[in-house]
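Observations on the model geometry
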Amino acid sequence: MDSPDEAEARVRLPQLRLDELLEELQARLDAARGTRDRVHSLLEAVLSVGRELDLEHVLHSIVEAAAALVDARYAALGVIGPDGKRLSAFHTVGVGEEQIARIGPLPEGHGILGELIRHPEPLRLPRLSEHVSSYGFPPHHPPMNTFLGVPIRVRDQVFGNLYLTEKRGGAHFDEEDESVLSTLAVAAGVAIDNARLYEQSRLRERWLRANAEITRSLMSGSERGEALGLIAERAREITGAALAVLTMPMRDTDSLVVELATGQGAEEHQGLVLAVDKSLTGLAFATAAPVRSADITRDTRVSADAPRFTGLGPAVAVPFGAAGEGVRGVVLLVRRAGGAVFTQKETESLQGFAAQAALAMELAERRRDAEQIAVLQDRDRIARDLHDLAIQRLFATGMTLQSAGRLIEQGPAAERVLRAVDDLDETIKIIRSTIFGLRERDAAGAGLRSRTVRVVGEAAPVLGFAPSLRMEGLLDTEVPGRIAEHVIAVLSEALTNAARHARADRVAVALETDGREVRLTVTDNGVGVPSGGRRSGLRNLAERAGQLGGELRLTSPADGGTSLVWCVPVPDEG
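Keep in mind it's a predicted model, so treat the numbers as computed, not measured.

**Quick look at the overall build of the chain**
Summing up its helical and strand segments, the chain has 13 helices and 16 strands in all. In the chain, 60% of the contacts between residues at least 6 apart in sequence involve partners at least 24 apart.

See the structure below:
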């Protein structure tokens, strides 16, 4: 028979076993509930990451989700650069902006961070400092001990790495943390790929819109300079460049001239003449292929005596031109210092844009040529009709009047008929002159009007402002070519003198003819002609006028300045 103590022990033993079983069951239920909650959190994180389409937002969502899933105090996502050896971008959670500024430049991929770049496999460390690749932290960096790193792959290529440190509560990262983070990394790779595709489609759309805008502008008759400005500005905006420069080859030389520049420091580039062998644009022009530079300020291919790229860095020069026509020019794009280097894909997109823009320019030029041919053909038809119809009828009318004049006995009536015949002869001369102008003006290259406009326009950069211009009369038909040459020479000399000596801010040019004389007047509001100054230039102008039977008059208006009047007779060449 058992003692009372033994009986009590037998009763308590099943109770103890039951408590242990209940505790174990509760632990398993808690673990299952924890696993369920964690799986739920992982699914939520995957859905959250997959909802974003903007790449920057996607990357930030990945870092936040990773930190929450493994309960890490600090998390970061390092994007591996094009060289595959360094980090080109770094997204963090847990470290404030002020603290980041105190720490200094963002990591480039040395130490433990570089370990995952060199060996893209998950890495767990109980203490960072004990790893052979660790060499400490920079000043003001928060202390970090535990570490978990996982690579992110996009289409079998390592895009970057997730770095997590300092698991809350002082615990170490375990296998489950690694598994959860690896699963998130797979979802992150898909989300990053989708965001990249979306970004590329939007970028293609922007390039297409820019090409359509340029084509529409050119086909609607916009000036070439306006179209070039649109090309440079759209290329700069889409690529995020700080500076865009368009260079064109100079005629009959081996140099390039900057025809247009827009953006940071554009005024320092405008009008520059560049040697082909001492610039990125020259190299792109000579090789007919894109040229990239990681830092244009340190590139040995750029002339050292042209410090025009202060504050700038990565650059790309892309030639453009129609197929079979050679290189028409080069567009140079430069980003700010510290900006991303132009990638191969960006360069290819820029090449496509430049090719389409060049094709639009080519089509617009061909269209203008066709319109010009149509105008010339129409002028030829008008000239032919005037000669074959109008002049013949005037001749017939004149001969009829001459015959009728012999039958008129009264003096006044006969005189009136003779005057009418003379008027018809004069009209025939005018029509013949007009026919000559219609047929020969454009064939010769340019008439007096267009040459005058060109000389006045070329003087604007030298003067610092555009002179005003007024023209009257039949300058192209009534002023003979030999006199027109003198007019252009006198105008060029007068504008040069005004730029050198007048110190004026206003110049007015007037060119007029009444069929009997041609008069050129150049007036400025400058300091006038000094009494003891050199007058060799004025003497040359006076001699030109004297050779043609004209004169040169130089006066000073009451309100100051100088008025030059060059006037010569127009001979009757009918």
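**What about unusual backbone geometry?**
The residue aspartate 71 is not glycine, and still its phi comes out positive at about 55°. By the secondary structure assignment, aspartate 71 is in the loop between α2 (55–69) and β1 (72–80). With relative accessibility at 37%, the residue aspartate 71 sits in the partly exposed group. The phi angle at glutamate 166 is positive, at roughly 60°, despite the residue not being glycine. Looking at where glutamate 166 falls in the secondary structure, it is placed in strand β5 (residues 157–167). For glutamate 166, a relative accessible area of 18% gives the class buried.

**What to know about the confidence of the model for the chain**
Overall, the prediction assigns the chain a mean pLDDT of 76, with 73% of residues at 70 or greater. Confidence, read as mean pLDDT per element, is least for helix α1 (residues 4–51) in the chain (55) and greatest for strand β16 (residues 562–569) (93).

**Considerations on the pattern of salt bridges**
With the rule as written, the count across this model stands at 18 salt bridges. A salt bridge links aspartate 299 to arginine 301, with the shortest nitrogen-to-oxygen separation between them at 2.7 Å. The exposure class of arginine 301 is partly exposed, given its relative accessible area of 33%. The salt bridge involving glutamate 485 is made with arginine 451; its shortest N-O contact spans 2.9 Å. Taken as a pair, glutamate 485 in helix α12 (residues 481–502) and arginine 451 in helix α10 (residues 448–463) lie far apart in primary sequence, 34 residues in all. Residue glutamate 485 is classed as partly exposed on the basis of its relative accessible area of 43%.

**A short note on the side chain of glutamate 512**
Within the element layout of this structure, glutamate 512 appears in strand β13 (residues 507–513). Glutamate 512 gets classed as buried once you look at its relative accessible area, which sits at 17%. Discounting residues that sit within four places of it in the chain, glutamate 512 has contacts with Arg470, Glu472, Leu475, Glu517, Val518 and Arg519.

Criteria and cut-off values
- Residues numbered from 1 in each chain as written.
- Predicted model: local features only at pLDDT ≥ 70, side-chain atom pairs only at ≥ 80, totals over all residues.
- Heavy atoms only, no water.
- Helix = DSSP H or I, 4+ residues; strand = E, 2+ residues; numbered from the N terminus.
- Contact = heavy atoms within 4.5 Å.
- Buried < 20%, exposed > 50% of the residue type's maximum accessible area, 1.4 Å probe, protein only.
- pLDDT = per-residue confidence, 0-100.
- Salt bridge = Lys/Arg side-chain N within 4 Å of Asp/Glu carboxyl O.

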